[in-house]
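# Report on the structure
This is what each chain is made of:
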Amino acid sequence: MKTLRLLLWLRWKLFLRSTSTGNRIAGAAFTLLLLLAFSPVWFGGAMAAYAGVRHAGAAVIPIAFGVCQLAWLSMGILSGALGRSFDLDKFLRYPVRPRSVFAINVLASLLGPVPLMTLPTLVAVTIAAGQSAGFGAALGVGAAGACLLLVTAALLQVLLALLDEVLRRESARFAATVFMAVFFVGLQFGTRIATRYVAEHAVLRFAHHEITGQQAIALAGTFLGRIPTVAAPALAATGALAGAPLSALLGLLACAALLAASVLPGAALMRHTVRGGSDGGGSTRARSSRDRGAGSFAFGGGVLPRGAGVVLRYELLLTLRHPQRLMSLLVAPLVGVVFFFNGHGRANVGAAFVLVMLASSVSSASLLLFAYDGPGVRSFFLLPVAPRDVLLAKNLEQLIRLLAQFLLAFIALSFLTTGIWSPLLFTALLADVAIILCALAGGTAVSMRHPVRARRRGLTGRGGSSWEGAAISFGVFAAAAAVGALVWGVRRLAGPGWEDVAGLVVASVTLGVGAAIWWRSLDINAGVLVDCREKMIEALARTSED
Amino acid sequence: MPGYAVETQDLTRTFGAQTAVDHLTLRVPEGSFYGFLGPNGAGKSTTINILTGLLAPTSGRASVLGYDVVSQDLEVKRRIGVVPDGLALFDRLTGTEHLRFVGEIQGLAPAVARQRAGELLEAMDLGASAAKPVSGYSHGMRKKLALSCSLIHDPRVLFLDEPFEGIDAIATSEIRELLQRLVERRKVTVFLTSHVLEVVERLCTHVGIIAGGRLVAEGTLDELRAGPGGTTRTLEELFLDKVGAPRGDASAGLGWLAEGGTSA
């Protein structure tokens, strides 16, 4: 208990001291915005759970519990090590048991945004149970809900430890990058096909009175109730609701057993991963052959200043070798394809989402402009390379990545549909590039004022939050809306026959303004780079993860 | 009469209320092997960081080979090689790529950078790991690679912050010889910080001792070691004399540690 108390204290101190007050407020505001953005999901889920328990009784509980658990697990795994507070390797030199670290991670993960979003559903189920069967039932269902959260948190930590073990080798991280992309598309297609098939099938059966609502609930409840980590808390809740204290007690004991059973393998996995170390590299043979290349290290032969060319080559190598950056190449194309299908095969829906995603991804990526440099960031200040050249190279790499994403997305969309290339698309594209250039200028400044490091494990990065960063992220959407409204207005004013020309002219002017802002920002941001060097070295070059 | 490779005048650097470097006036002769000594927190690394462009001075001036480190920083960086405390390596590049990256940024022709990269890697016994990413290097290998990076463009001044820390005895000996050759044959100025006084005593021609951000002793090794009445002191004696003698019994107040007894 003493170790647990000390670790909690340490977590709290690290939280207080690792960010400024402003950034903590920004982080809280961001979480609040996230909660608000997803309010239809969690509020709707709570309403549905309440109505379900009131009308259909205990049969709805496994469904509510199952949906909460699966939502948390999938979000937790997709976001990598987001739910983990401590990495075990920081404690190897101290007499701290891995299971204590594991336990702290379980407890700390309960405060994440996703578990918070499941709370309304669990509270709604508890209230409905209380109204149906009295205070004792509400107490039992509430306790079962708490057990569900604990069991889910423990299960998530075991899965994250497993993910860490699997992704320990960089080659596995590359494979996972591809897998995630395939999984994402597959999930979308699979969900759509399954939903359509199941929905059609269910409607038909409903229409023919072959299946009732009660039967459908029972079917879903049986399916989710077969998952042991759902079944145990559900047994406790249904027992409490049905007035069967023995069942409730059995369910609670099963939850305790699941918790105990998760701690040991989870802690063992963490310990094994940490002691195994990380290879940190990919194919040596492939790199060896590249190293023997006869050309210059610099990229951009003669067009760019030498320093910028060399840094650009480094940045491109980094993109090819960092799973997180490699994965970012796939996001916009995948979103385009997915929204194309979700938009019932309309090309402009997919294209619009690709353009929005490109702007959004550049604004996010530019906030992490130096995040992957690690201790190497000192080199930018030790070597005779002009700060403007460093920023020019880093910005150009972002634009090259953007071009790659654009080509991937629109080649994919061109295969899926015809008629995607229209004057309106070119207009939108020009306006989008203007917004992207402005976002790049702003994001570059924020990346130096508020430097954050990328994680070395898993697939996700360790992000930071600041008012400026949040403003850049959300400002992109506001700018897109403003430019969109401007182009739309001018097209309307120009009237039929001239609307395409007018739109293209306005978009071109916007692009010119955006390009001028970006070009000027390179000089201004070069000064920021020099001014912020100490803060950047402090934040990016240190070896500790916390 | 040789000029000065490094000069500072009233150099000061503060971090909030704390003064790390306090009106430091320093002169390092060209072609000298200069040992910059001081206890932990004395301001050694801060001074090196200012001289190499990693930190901005709060006040005062500093120049390297006559170039101001603030207003002519690129000119300074073209002429110096640095092994900073904590190193400055990109984990995702291989050893060869890293050296080519640094070499070409320093203005070497691609072919020259490639050739020197290969030679340096072989000389530092890193040839077998040349194609491996830096993230897989041990601490000693990283140190050797950092030293290679600092040498690839044939600098006129080398700033080495604890260069022998974490390196095995064989590599230490090899690097020591290499540095001595650079100073003797190529007249390179080496500005070195180290806590190992024996190494400094063996290598350095000049020594500066800093304590509390202020220079408390400076001169040639022979001048500083000369005691009263023609006696000669060891560098350790000199260091303790200038920085402050041990504070009596180190274990005073730690009776539970010094004496046998039950532990908690």
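You'll find the structure just up there.
Notes on the structure in this doc start here. (Residues numbered from 1 in each chain as written. Chains lettered and ligands numbered in written order. Predicted model: local features only at pLDDT ≥ 70, side-chain atom pairs only at ≥ 80, totals over all residues. Heavy atoms only, no water.)

Moving on, we come to the overall build of chain A. When you go through chain A residue by residue, the secondary structure sums to 21 helices and 0 strands. Split into buried and exposed, the 546 residues of chain A put 45% on the buried side. Taking contacts inside chain A between residues at least 6 apart in sequence as the whole, the part at least 24 apart equals 81%. (Helix = DSSP H or I, 4+ residues; strand = E, 2+ residues; numbered from the N terminus. Buried < 20%, exposed > 50% of the residue type's maximum accessible area, 1.4 Å probe, protein only. Contact = heavy atoms within 4.5 Å.)

Our focus in this paragraph is the overall build of chain B. Looking only at helices and strands, chain B features 10 helices and 10 strands. Burial statistics for chain B: of 264 residues in total, 52% are counted as buried. Sequence-distant contacts in chain B: of pairs separated by 6 or more residues, those separated by 24 or more amount to 66%. Summed over its atoms, the accessible surface of chain B is roughly 11700 Å², and 49% of this surface lies on carbon and sulfur atoms. (Areas by Shrake-Rupley, 256 points an atom, 1.4 Å probe, with all protein chains shown as cover.)

Trans peptide bonds make up the majority, and among non-glycine residues the majority have a negative phi. Residue and element names in this part refer to chain B. Of note, His-23 is a non-glycine position whose phi angle comes to about 50 degrees, a positive value. For His-23, the location among the structural elements is in strand β2 (residues 18–29). Classification of His-23 as partly exposed rests on a relative accessible area of 47%. Even without being glycine, Asp-154 reaches a positive phi, approximately 55 degrees. The residue Asp-154 is located in the loop between α5 (139–151) and β7 (157–161) in this model.

This brings us to a nonpolar patch on the surface. Residue and element names in this part refer to chain A. Where nonpolar side chains cluster on the molecular surface, the patch consists of Phe-30, Leu-32, Leu-33, Leu-36, Val-356, Phe-474 and Phe-477 and spans about 640 Å² of accessible area. Elements with a contribution of two residues or more to the nonpolar patch: α2 (21–37) and α19 (467–494). In terms of residues, the nonpolar patch owes the most to one element, α2, which gives 4 residues. Here Leu-33 lies in helix α2. Leu-33 gets classed as partly exposed once you look at its relative accessible area, which sits at 41%. (Patch = residues over 30% accessible without salt bridge, like charges linked within 9 Å, V, L, I, M, F, W, Y side chains within 5 Å. Salt bridge = Lys/Arg side-chain N within 4 Å of Asp/Glu carboxyl O.)

Right, let's get into the sheet that holds strand β4 (residues 59–64) of chain B. Residue and element names in this part refer to chain B. Overall, antiparallel pairing links the 4 strands, which are arranged β2-β1-β4-β5 in an open sheet. Every other strand in the sheet has two partners, leaving β2 and β5 (67–68) as the edge strands with one partner each. As judged from the 8 bridges shared by strand β1 (residues 4–15) and β2, these two strands associate in the antiparallel manner. Along β2, the bridge assignment pairs Leu-11 with Leu-24. Lying on the sheet, helix α1 (residues 44–52) is in contact with β1, β2 and β4; it crosses β1 at an angle near 115 degrees. (Pairing = 2+ DSSP bridges. Axes fitted to C-alpha atoms, helices over the stretch in contact; angles between N-to-C directions.)

Quick look at the interface of chain B and chain A now. At the interface, 40 residues of chain B touch 42 residues of chain A. With both sides pooled, the region where chain B packs onto chain A buries about 3600 Å², and carbon together with sulfur makes up 57% of that total. In this assembly, chain B and chain A are joined by 2 salt bridges. One salt bridge connects A:Arg321 with B:Glu97, and the closest N-O pair in it is separated by 2.8 Å. The tally of links between chain B and chain A comes to 10 residue pairs in polar contact (both at pLDDT 80 or more). Secondary structure elements with two or more residues in the side of chain B that touches chain A: β1, α2 (73–79), α3 (95–105) and α4 (110–123) of chain B. A breakdown of the residues in the side of chain B that touches chain A according to their chemical character gives 20 nonpolar, 9 polar and 11 charged. (Buried area = accessible area lost by both parts, 1.4 Å probe. Polar contact = N/O pair within 3.5 Å; in protein donor to acceptor, adjacent residues only side chain to side chain. Nonpolar A, V, L, I, M, F, W, Y, C, P; charged D, E, K, R; others polar.)

On to the pairing of β7(B). Residue and element names in this part refer to chain B. Burial within β7 is extensive, with 5 of its 5 residues counted as buried. Taking every second residue as pointing to the same face, both faces of β7 are buried, with Val-157, Phe-159 and Asp-161 on one and Leu-158 and Leu-160 on the other. For strand β6 (residues 80–83) and β7, the ladder comprises 4 bridges, and the chain directions are parallel. Residue Val-83 lies in a different strand from β7, and its bridge partner there is Leu-160. Judged from the 5 bridges that link them, β7 and strand β8 (residues 189–193) form a sheet pairing that is parallel. Opposite Leu-160, over in β8, you have Leu-192 as the bridge partner. Running through helix α6 (residues 169–186), the crossover from β7 to the neighbouring parallel element β8 is right-handed. (Right-handed = clockwise from strand over helix to strand, strands pointing away.)

Moving on: the packing of helix α18 (residues 423–449) of chain A against helix α20 (residues 499–531) of chain A. Residue and element names in this part refer to chain A. Running from N to C, α18 and α20 point in directions that differ by 15 degrees, and their axes come no closer than 8 Å. Taken together, the axes of α18 and α20 are roughly parallel relative to one another. Helix-helix and strand crossings are classified by hand; for α18 and α20 the assignment is left-handed. For the contact of α18 with α20, the residue count by class is 20 nonpolar, 8 polar and 2 charged. (Parallel < 35°, antiparallel > 145°, perpendicular 65-115°, else oblique. Left-handed = near helix turned anticlockwise from the far one by under 90°.)

Under the counting rule described, the total for this entry stands at 12 aromatic pairs over all chains. Between A:Trp42 and A:Phe43 the ring centres are 6.5 Å apart and the planes differ by 85 degrees, which places this aromatic pair in the edge-to-face class. Put simply, the rings of A:Tyr314, A:Phe370, A:Phe380, B:Phe90 and B:Phe101 touch in pairs and so form one group of aromatic residues. Looking at A:Lys394, its charged tip hangs above the ring of A:Phe370, at a distance of 4.6 Å from the centre. (Phe/Tyr/Trp six-rings, centres within 6.5 Å; stacked < 30°, edge-to-face > 60°. Lys NZ or Arg CZ within 6 Å of the ring centre and 35° of its normal.)

Before going further, it helps to examine the environment of B:Ala42. Residue and element names in this part refer to chain B. Tracing the backbone through its elements, the reader meets Ala-42 in the loop between β3 (33–37) and α1. On the basis of relative accessible area, Ala-42 is assigned to the buried category, the value being 2%. Remark: the alpha-carbon pair of Ala-42 and Thr-19, spanning 23 residues in sequence, is separated by 9.9 Å. Setting aside its immediate chain neighbours within four residues, Ala-42 contacts Ala-20, Ile-210, Ala-211, Gly-212 and Gly-213.

Now for a negative patch on the surface. All names here are of chain B. There is a patch of like negative charges on the surface, built from Glu-122, Asp-125, Asp-168, Glu-174 and Glu-177. Position of Asp-168 among the secondary structure elements: in the loop between β7 and α6. Classification of Asp-168 by relative accessible area gives partly exposed; the value is 45%. (Lys, Arg positive; Asp, Glu negative; His and termini not counted. Charge placed at Lys NZ, Arg CZ, Asp CG, Glu CD.)

Turning to the sheet that holds β7(B), a few remarks are in order. Note on sheets: strands pair through backbone hydrogen bonds, and any given pair is parallel or antiparallel. Residue and element names in this part refer to chain B. Strand order in the open sheet formed by 6 strands is β6-β7-β8-β3-β9-β10, with mixed pairing between adjacent strands. The open sheet has two edge strands with one neighbour each: β6 and β10 (214–220). Across the sheet, the mean angle from the axis of one strand to that of its neighbour is 15 degrees, orientation sign disregarded. Across the sheet, α5 is in contact with β6 and β7; its angle to β6 comes to roughly 170 degrees.

Okay, the nonpolar core next. Counting 140 residues, the largest nonpolar core has A:Phe370 and B:Phe101 as the members making the most contacts within it. Residue contacts for B:Phe101: discarding those within four places in its chain leaves A:Phe297, A:Val310, A:Val311, A:Tyr314, A:Leu383, B:Phe90 and B:Leu93. Grouped together as the second largest cluster of nonpolar side chains are 41 residues, A:Ala49, A:Ala56, A:Leu73 and A:Ala267 included. (Core = buried A, V, L, I, M, F, W, Y, C linked by side-chain atoms within 4.5 Å.)

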